[in-house]
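Topology and contacts: notes
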Amino acid sequence: MATSTPLAPNASRVRFKTGLWIFIGVTALFVFITSEVLLFTDYPMYHAYRLQVIADRDLLIPHTLAGIFALLIGPINFSSRIRQRHLKLHRVLGRIYVISVFIGAGTGVALATGRPGLPGTSMQAAAWVVCTTAALITARNRQIIQHRQWMARSYAVTLTFVSSRVLNLWPRYWSHLGDTFAAVGVIAFTLASLLIVDLGLNWRELTTRRD
C-alpha cells in the first residue's frame, strides 16, 4: 500500500529551496536599498563613491547589467520544473548567463585596474570564469550532474557581489578599514562561498557511514 513517506524528502527539499531563494532575494533587495539607491542622491557617506561611479559609468553600466542578468537567471535555471518543461528556454538562458559572466568578469577587472582592489577582483573574476567555463563544458559533454555542480559553484561566486556588501553599514566592517582589507575581504567571501557550496554538494557523502 502506498504511503506518503517517499514524498517527505522532496517536500523538505522544495521548502529548503524556496526558503533559500527568498533569503537571497531579500538580501539582494537589502543591499540594493542600502548601497545603491542612495547613489541617486548626494548622500554625504557615499559622496566619493558616487563620484567614482559617475566617472566609471562606461564600464560600470555593462558590468552591473551583466551581474543583474546572472543574478536573475540563476534561480530560473536551477528550477527542475522549468528545466524539464522548457528545456530550450533553459539553454537560451544558460547561454545568456555565460555571456553575462564573461562580460561581468572582464569589466570588473578593467574597473579595478590601477586600484588597490585589483588582486581581490581578479581572483573573484577568475573563479567566476573558471566555474562557469567548467559548467559550460560539462553541459556540452552531457555530464548533467557535474554541470549542475559547477553551475552551483558559479552562482555562489555570482552571489558574492551581494553577500560582500551586506555588512557595508557596519562601521568596523573590513571595507571601512582600507583598500587592503577590502581586497582580502573579497577573496575571503569568494573562497567561503565556494567552500560552503562544496560542503553542500558533498554533505551526504560526508555524513553517510559505509560499512
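See the structure above.
For clarity, every value in this text was computed on a predicted model and none was experimentally measured. (Residues numbered from 1 in each chain as written. Predicted model: local features only at pLDDT ≥ 70, side-chain atom pairs only at ≥ 80, totals over all residues. Heavy atoms only, no water.)

Once that is clear, we can look at helix H5 (residues 87-112). Helical geometry note: an α-helix holds 3.6 residues per turn, so side chains three or four residues apart project in the same direction. Between its terminal C-alpha atoms H5 stretches 37 Å, which fits the 38 Å expected from 26 residues at 1.5 Å a residue. Among all positions of H5, only His90, Leu93, Tyr97, Val98, Ser100, Val101, Gly104, Ala105, Thr107, Gly108, Leu111 and Ala112 are buried. Gly114 sits one or two positions beyond H5 and adopts a positive phi of about 85°. (Helix = DSSP H or I, 4+ residues; strand = E, 2+ residues; numbered from the N terminus. Expected span 1.5 Å × (residues − 1). Buried < 20%, exposed > 50% of the residue type's maximum accessible area, 1.4 Å probe, protein only.)

Another aspect to go through is helix H7 (residues 144-163). The terminal C-alpha atoms of H7 lie 28 Å apart, and with 20 residues this matches the ideal 28 Å at 1.5 Å per residue to within 8%. Among the residues of H7, His147, Met151, Ala152, Arg153, Ser154, Tyr155, Ala156, Val157, Thr158, Leu159, Thr160 and Val162 are the ones counted as buried.

Taken together, the side chains of Ile61, Leu65, Ile68, Phe69, Leu72, Val92 and Ile96 define a hydrophobic patch exposed on the protein surface, amounting to about 620 Å² of accessible area. Of all elements in the fold, only helix H3 (57-77) and H5 reach the threshold of two or more residues within the nonpolar patch. Among the elements that line the nonpolar patch, the one with the most residues is H3, at five residues. Mapping Ile96 onto the fold places it in helix H5. (Patch = residues over 30% accessible without salt bridge, like charges linked within 9 Å, V, L, I, M, F, W, Y side chains within 5 Å. Areas by Shrake-Rupley, 256 points an atom, 1.4 Å probe, with all protein chains shown as cover. Salt bridge = Lys/Arg side-chain N within 4 Å of Asp/Glu carboxyl O.)

Let's shift gears to the packing of H5 against helix H6 (residues 118-140). Interhelical geometry of H5 versus H6 gives an angle of 165° and a closest axis separation of 9 Å. Classed by the angle they form, the pair H5 and H6 counts as roughly antiparallel. Here the hand of the crossing between H5 and H6 comes out left-handed. Residues Tyr97, Val98, Ser100, Val101, Phe102, Gly104, Ala105, Gly108, Val109 and Ala112 of H5 form the contact with H6, whose participating residues are Leu118, Thr121, Ser122, Ala125, Trp128, Val129, Thr132, Thr133 and Leu136. Tallied by class, residues from the contact of H5 with H6 come to twelve nonpolar, seven polar and no charged. (Axes fitted to C-alpha atoms, helices over the stretch in contact; angles between N-to-C directions. Parallel < 35°, antiparallel > 145°, perpendicular 65-115°, else oblique. Left-handed = near helix turned anticlockwise from the far one by under 90°. Contact = heavy atoms within 4.5 Å. Nonpolar A, V, L, I, M, F, W, Y, C, P; charged D, E, K, R; others polar.)

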